[in-house]
2 protein chains.
Amino acid sequence: MSPSEAIAYSTEIARIPQPAKYIFVAGVGAVGETFLRQVAGNASCRVIGLCNSRHVRWLNPEEEPYDDRSGDLNLWKGEQKNWNDIIRKLANYEAGCVIFVDTSGSREVAELYATLLSLGIHVVTPSKIANTRSQGQFDELHELARRNDTEFRYETNVGAGLPVIRTVKSLIESGDEILEITGVLSGTMTYLFSQLDKGEPFSKAVIKARSLGYAEPDPRDDLSGEDVARKFLILARICGLRLESSDIKVESLIPPSLKDVDASDFLERLHEADEEWKERMEPVLSRGSTLRYEGVLKNGTVRVGLVEVPKGSPIGLLTGTTNLIQIKSRRYKDQPLIIQGPGAGKEVTAAGVLADVLKIR
Amino acid sequence: MSPSEAIAYSTEIARIPQPAKYIFVAGVGAVGETFLRQVAGNASCRVIGLCNSRHVRWLNPEEEPYDDRSGDLNLWKGEQKNWNDIIRKLANYEAGCVIFVDTSGSREVAELYATLLSLGIHVVTPSKIANTRSQGQFDELHELARRNDTEFRYETNVGAGLPVIRTVKSLIESGDEILEITGVLSGTMTYLFSQLDKGEPFSKAVIKARSLGYAEPDPRDDLSGEDVARKFLILARICGLRLESSDIKVESLIPPSLKDVDASDFLERLHEADEEWKERMEPVLSRGSTLRYEGVLKNGTVRVGLVEVPKGSPIGLLTGTTNLIQIKSRRYKDQPLIIQGPGAGKEVTAAGVLADVLKIR
């Protein structure tokens, strides 16, 4: 983008000076690396260290995580990673000044949040792991943050950079009651069904989604619907509902005969499901409708699965990785509050993580 | 609504305990009164006083602004209002603890913000007056808040309770660059053109909008487009653009011959414009299109006026008081970020004001 496209450069109003925030980044995959590049431009933040699954590197003031010449992350310059050492170093900073940013997607790292929060270290993450364990663990973690006056922020758990979680929280805080949340929260599924609309066989659409990077290497991780279910579990808990992931009704799109085969066999044999999907789509298309994978949180229960919608409806018109979330509350009842936009991608996810970091007081 | 419709009652997570906030409410019209009823349910806030254009009433702890029996606001019990006395009383509280909520819509009250902010009193308002004066006055007010570590919040200036301003600010703060904001921000205009779609004469549609409470008593206040222009002026300034209201190109829908007549003459003679509007709509409708009143902020300029859009497009499908705001930024370029929902009404506006109050640190 050429700078002239931007509406304006002065962001004077937005840049309220704040005390320095010391950032430690765990995980330097796509989102972590993008976050590091984005945070470099923010005067109120200083990255003090970063790690991947094997190495940790501590930065001196003024030192950038990138190599001056190559622009690469220099993690090979780091030491062997040891979580006890890392936590001990972070705990040396004044309480409330350190923000632990977890982009690792690792279960091991999520297990550290409780310790970090109780040491006065804030946690920000796009990972859904900590929020989708048992209700008891969820309560415990949030209670721990409250008691220690630390913040646990996870806006990007749902819709990446879209303002979904904070809008739901803001409605509840101001005394509104959420009546219903419906949403299309899987770009992979939306891509899949917009291809089936065009008459493409199921297997071809899945393989294409995979090669475009929309679907996971093993597309069953998307087709199971579990990722959408996890997002709705988090939304439900934010609304104050107490439930376990097993309470959510999830419609899996994995052909039963291919549930337990190897990943490569799965891709090879996926065409076996084509005929069945063709037969399922035909009557839908003949009615001027299409299918979308939707979640519904209503009357204390969550259901995620396929719904038939008119092709010309807002949901039927969705393509690509666009998410659409519709919130009905006591105040937004007749006309719901709708948020729509790309709900995946490293740029918008990292930006959402950074926005969380900047909101920490 | 019966309580059973709500997803859940426990809002445990959302209710982070906070220090008490002392609220003074100026203006007890529709929004002010609704706000008072909403804030009564919030444990972190205490209303210490309220005023209308003539009286002020101070409340003892535990005292409610409403009469126990009638449920009415008891402002007639108050003293004669004197701003100097009010400000002196508010300044007696510890700096940063008092929030002045202005729902009066009065220019006189907006003139007090500078004094209040410099005395350590936060200001929250749905009124656009202070933000739409000269760029110099705008800068001065925001700088004053910053320098005194007080907050000036006005989320409801655009889209009432919809998260528009805070989403734009959050994008900018996290280093994004806004490229374009387009929006339908006038419920009156949307109602008007959805009636013209149905073949209703212009004059009838305007008079109906007025009787339904969508349009102002003198509908020229809506038809001028100035209200939409003011919202875009604020959005533009938040994006860092420096401009005056006179820099905005506004298409007025007031028939030139009726610009300067009395309000009652205006309504009586409005049918004179029906033929012209019929001629204007016919070719539009024959193309399967309709008209919507839209604002566009792009390339450093703002333009608000009519655009022709396909009837089946998201904007063409809008009805009632629904607002639709589309944000394109460097990160949200191919797929914009869209926020849609009711952009007017006392319940959602008051709730947006309360959300602002609760966000003050």
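Residues numbered from 1 in each chain as written. Chains lettered and ligands numbered in written order. Predicted model: local features only at pLDDT ≥ 70, side-chain atom pairs only at ≥ 80, totals over all residues. Heavy atoms only, no water.

Peer 1: How would you sum up the overall build of chain A? Please name residues and give values.
Peer 2: When helices and strands are tallied, chain A shows 13 helices and 13 strands. With respect to the principal axes defined by its C-alpha atoms, chain A has extents near 65 × 50 × 50 Å. Every one of the 361 residues in chain A was classed for burial, and the buried ones make up 57%. Considering only contacts within chain A whose residues lie at least 6 apart along the sequence, 66% involve residues at least 24 apart. Working note: accessible area of chain A is about 15,400 Å², and carbon and sulfur atoms make up 47% of it. Mean positive and mean negative side-chain charge positions of chain A (45 and 51 charges, respectively) differ by 3 Å. (Helix = DSSP H or I, 4+ residues; strand = E, 2+ residues; numbered from the N terminus. Buried < 20%, exposed > 50% of the residue type's maximum accessible area, 1.4 Å probe, protein only. Contact = heavy atoms within 4.5 Å. Areas by Shrake-Rupley, 256 points an atom, 1.4 Å probe, with all protein chains shown as cover. Lys, Arg positive; Asp, Glu negative; His and termini not counted. Charge placed at Lys NZ, Arg CZ, Asp CG, Glu CD.)

Peer 1: Give a description of the domain arrangement of chain A that names residues and reports values.
Peer 2: Residues and elements named next belong to chain A. Looking at the assigned domains, one finds that chain A contains domain 1 (21–160 + 348–359) and domain 2 (164–343). Distance between the C-alpha centres of domain 1 and domain 2: 29 Å. On the side of domain 2, 20 residues touch domain 1, which itself brings 16 residues to the contact. Taken together, both faces of the contact between domain 1 and domain 2 bury some 1,600 Å²; the carbon and sulfur share is 58%. (Domains from an automatic or database assignment. Buried area = accessible area lost by both parts, 1.4 Å probe.)

Peer 1: Could you give an account of the sheet that holds strand β2 (residues 45–51) of chain B, naming the residues involved and the relevant values?
Peer 2: Residue and element names in this part refer to chain B. If you trace the seven strands from one edge of the open sheet to the other, you get β4-β3-β2-β1-β5-β6-β7, paired in mixed fashion. In the strand order of this sheet, the two ends are held by β4 (79–80) and β7 (152–153), each with one partner. Note: strand β3 (residues 55–58) against β4, two bridges, orientation antiparallel. In the strand pairing of β4, His-55 is matched with Gln-80. Contacting β1 (21–26), β2 and β5 (98–102), helix α1 (residues 30–39) runs over the sheet at an angle of about 155° to β2. (Pairing = 2+ DSSP bridges. Axes fitted to C-alpha atoms, helices over the stretch in contact; angles between N-to-C directions.)

Peer 1: I'd like a rundown of the UniProt feature "binding site: L-homoserine" (unreviewed entry) in chain A, residues and numbers included.
Peer 2: The sites that UniProt annotates as "binding site: L-homoserine" (unreviewed entry) are Glu-216 of chain A. What makes Glu-216 of chain A partly exposed here is its relative accessible area of 38%. (UniProt positions renumbered as here; feature names shortened; annotations may be inferred.)

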